[in-house]
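# Per-entry structural report
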Amino acid sequence: AVENLLYLPSGRHLKALTLGFSNLAADALWIKAIGYFGGHALTDREYPWMHHILDQLTTLDPTFEYPYLFGGIILSVERESAGESSALLVKGMTRYPGQWRHPFYIGYNAFYLDRDPERAALFMRHAASLPWAPEYVHHLAASLTAESGRLDTAVRFLETMAESAREPWMRDKI
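Reference entry: report on the structure contained in this document. (Residues numbered from 1 in each chain as written. Predicted model: local features only at pLDDT ≥ 70, side-chain atom pairs only at ≥ 80, totals over all residues. Heavy atoms only, no water.)

Glancing now at the nonpolar core. L29, W30, F37, M50, L54, L57 and F70 are the most contacted members of the largest nonpolar core, which has 18 residues in total. Sorting the residues of this core by element identifies helix 2 (22-41), helix 3 (50-60) and helix 4 (66-77) as the ones contributing at least two each. When residues in this core are grouped by element, the largest group, 6 residues, is from helix 2. When sequence neighbours within four positions are dropped, the list of residues in contact with F70 reads W30, I34, F37, M50 and L54. Counting 14 residues, the second largest nonpolar core, distinct from the first, contains A120, A121, L130 and V137. (Core = buried A, V, L, I, M, F, W, Y, C linked by side-chain atoms within 4.5 Å. Buried < 20%, exposed > 50% of the residue type's maximum accessible area, 1.4 Å probe, protein only. Helix = DSSP H or I, 4+ residues; strand = E, 2+ residues; numbered from the N terminus. Contact = heavy atoms within 4.5 Å.)

The next subject is the packing of helix 4 against helix 6 (residues 101-113). Running from N to C, helix 4 and helix 6 point in directions that differ by 10 degrees, and their axes come no closer than 10 Å. Taken as axis vectors, helix 4 and helix 6 run roughly parallel relative to one another. Two secondary-structure elements touch here, helix 4 through Y68, L69, I73 and S76 and helix 6 through R101, H102, Y105, Y108, N109 and L113. Class assignment for the residues of the contact of helix 4 with helix 6 results in 6 nonpolar, 3 polar and 1 charged. (Axes fitted to C-alpha atoms, helices over the stretch in contact; angles between N-to-C directions. Parallel < 35°, antiparallel > 145°, perpendicular 65-115°, else oblique. Nonpolar A, V, L, I, M, F, W, Y, C, P; charged D, E, K, R; others polar.)

This brings us to the pattern of salt bridges. Tallied over the full model, the rule gives 4 salt bridges. Across the pair R79 and E84 runs a salt bridge whose closest N-O atoms are separated by 2.6 Å. The class of R79 is partly exposed, set by a relative accessible area of 31%. Given a relative accessible area of 23%, E84 falls into the partly exposed group. Ionic pairing is found between D114 and R119, a salt bridge with its closest N-O pair at 3.9 Å. You can call D114 partly exposed: its relative accessible area is 43%. For R119, a relative accessible area of 30% puts it in the partly exposed group. (Salt bridge = Lys/Arg side-chain N within 4 Å of Asp/Glu carboxyl O.)

The tally for this structure, following the rule as stated, stands at 12 aromatic pairs. With a centroid separation of 6.4 Å and an interplanar angle of 70 degrees, the aromatic rings of Y68 and Y96 are classed as edge-to-face. With a gap of 28 residues between them, Y68 in helix 4 and Y96 in the loop between helix 5 (82-95) and helix 6 connect regions that are remote in the sequence. Cluster of aromatic residues (ring-pair linked, three or more members): W30, F37, Y47, F64, Y66 and F70. (Phe/Tyr/Trp six-rings, centres within 6.5 Å; stacked < 30°, edge-to-face > 60°.)

Shown next as structure tokens:
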């Protein structure tokens, strides 16, 4: 029963079929996506259509932020599919350029799944530069930059973070 989403048309065609109610259709598809995930989580733990479903959902309603993050995490952790996960996260990053979580999870994918510390460091530094990024993201960005063999870049990154720190205690800690 959960595989009835196999016949989901592309978002471009699906949007035309919604007759102006694409947000409502996206909400219904979100409920289906959660059911699809739950059905597979309880059985085979394989999610072959998850990326397709969430990609179409975010095409129907690009402002619906949860599917970008949910898909980015699920596709990374459950399927170990860095490509599909990162594609959805990049789509979300384009829509929400000030959101630190999207580049953070792309950096996670680059480091843990793709084994590319240099690319991971690039995305972590970007995530750390965005508003509301937690303190641990700054430390992780510096560590990944150093691990990628670019110690001079790691030092420059920390110096820049210290200079831009608003609070004296944060500057001291950096």
